[in-house]
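For reference, the chains in residue letters:
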Amino acid sequence: AQRKTYIVVKNRLIAMPVLLGLTFLTVAMSDHEPGQTADMLFNAATILFIFIVWLWGARNANSTIVDELRDKTWDQQRMSSLEPWAMTWGKLLGSTSFNWYGGIFCLLVAVPAGMMSHQPFWLSEILTLIAIPVMMHAALIALNLHTGQLEMKLIQRGGLGWLAIIFALPAFSLFINTSRQPQFFSWWNFDIEIRQFLLSSAVLFAVCALFSAWRVMSNALQVRTLPWAWPLLAVILTVYFSGLIDFASDAPVFTLSYVGLFITAIISYAAL
């Protein structure tokens, strides 16, 4: 059985770069305008990264908790001596390691293609591509683990993996924008280039998702924590979404108050 498993894993590790290499070779040799090879390869690598790491990786991250709760093996892992932080990264990277393996090959094509292409914001787009799946995978682990403590019927139906698809569809549209001109976005009345804003937002929420997964894992392992993370999340969301509102220069306090009240009510209802 171990030898059979080794052969299967070996074949998958070989098949991934071979199939990706054939795909990129086909894109490079396809008919297109002169000088557009780098752009075509960059777009192909971006789309493949989204499908391999975002969607397929989200499915695997969703299954890592759902399958263990279904098979009644989660309680055995809770008895181990692993710390919550180590357990969190083990679930996060262990379930999606093959997806990141394929994503690395996509990045190995996207980075030089972006450098040779005419896209001025290729580095921001690549960093955003990496930050978003970290957020998605960590959030799914946290949500499914928290849901499994309260509602097993939802876990039996497959967990909350469908949230990844709902999020990925609008996020995918951000990466097929062919405009190469700077596009500015107003946040707290400051003009920020939209790709820089998306990168900053993705990194912020990826950190929040990782922290949430660690906190829920700590609760699952019965490690005592202080209840300060939930109010901190409310403050972060209030400041973030208040900046998206076009307010008068003399009324930021009222904007923070209204948005803060609304967000606090929403997350309090979710907690209850």
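Before any of the text, the structure's been laid out above.
Here we summarise the structure given alongside this text. (Residues numbered from 1 in each chain as written. Predicted model: local features only at pLDDT ≥ 70, side-chain atom pairs only at ≥ 80, totals over all residues. Heavy atoms only, no water.)

Notes on unusual backbone geometry
Working note: non-glycine residues mostly have negative phi, and peptide bonds are mostly trans.
Phase 1: Positive phi outside glycine occurs at Gln222, with the angle close to 60°.
Phase 2: Tracing the chain through its elements places Gln222 in the loop between helix H8 (194–220) and helix H9 (229–242). (Helix = DSSP H or I, 4+ residues; strand = E, 2+ residues; numbered from the N terminus.)

Side note on the pairing of strand E1 (residues 184–187)
The two faces of a sheet get side chains in turn, since along a regular strand they alternate between them.
Phase 1: Where E1 lies against strand E2 (residues 190–193), four bridges are found, and the strand directions are antiparallel. Opposite Trp187, over in E2, you have Phe190 as the bridge partner.
Phase 2: Once E1 ends, the chain turns through two residues before running back antiparallel as E2, passing Trp188 with a positive phi of about 55°. (Pairing = 2+ DSSP bridges.)

Some remarks on a nonpolar patch on the surface
Phase 1: Among the surface-exposed residues, Ile14, Val18, Leu19, Leu22, Leu25 and Met29 lie close enough to one another that they form a single nonpolar patch of about 600 Å² accessible area.
Phase 2: For Leu19, a relative accessible area of 55% puts it in the exposed group. (Patch = residues over 30% accessible without salt bridge, like charges linked within 9 Å, V, L, I, M, F, W, Y side chains within 5 Å. Areas by Shrake-Rupley, 256 points an atom, 1.4 Å probe, with all protein chains shown as cover. Salt bridge = Lys/Arg side-chain N within 4 Å of Asp/Glu carboxyl O. Buried < 20%, exposed > 50% of the residue type's maximum accessible area, 1.4 Å probe, protein only.)

Some points on the nonpolar core
Phase 1: Ranked by internal contacts, the top residues of the largest apolar core, which has 54 residues, are Phe24, Phe49, Trp54, Met135 and Leu145.
Phase 2: Beyond its immediate chain neighbours, meaning those up to four positions away, Phe24 contacts Leu41, Ala44, Ala45, Leu48, Phe105, Cys106 and Val109. (Core = buried A, V, L, I, M, F, W, Y, C linked by side-chain atoms within 4.5 Å. Contact = heavy atoms within 4.5 Å.)

Brief notes about the pattern of salt bridges
Phase 1: Counted by the stated rule, this structure contains two salt bridges.
Phase 2: A salt bridge links Arg195 to Glu125, with the shortest nitrogen-to-oxygen separation between them at 3.5 Å. In this pair, Arg195 sits in helix H8 while Glu125 sits in helix H5 (residues 122–148), placing the two residues 70 residues apart along the sequence.
Phase 3: Residue Arg195 is classed as buried on the basis of its relative accessible area of 8%.
Phase 4: The shortest N-O distance in the salt bridge between Arg195 and Glu193 comes to 3.1 Å.

Considerations on the packing of helix H4 (residues 84–116) against H8
Phase 1: Interaxial distance between H4 and H8 falls to 9 Å at its minimum, and their mutual angle equals 120°. Considering the angle they form, H4 stands oblique to H8. The chirality of how H4 crosses H8 is right-handed. Between H4 and H8, the residues in contact are Pro84, Trp85, Met87, Thr88, Trp89, Lys91 and Leu92 and Leu210, Ala213, Trp214, Met217 and Ser218, respectively. (Axes fitted to C-alpha atoms, helices over the stretch in contact; angles between N-to-C directions. Parallel < 35°, antiparallel > 145°, perpendicular 65-115°, else oblique. Left-handed = near helix turned anticlockwise from the far one by under 90°.)

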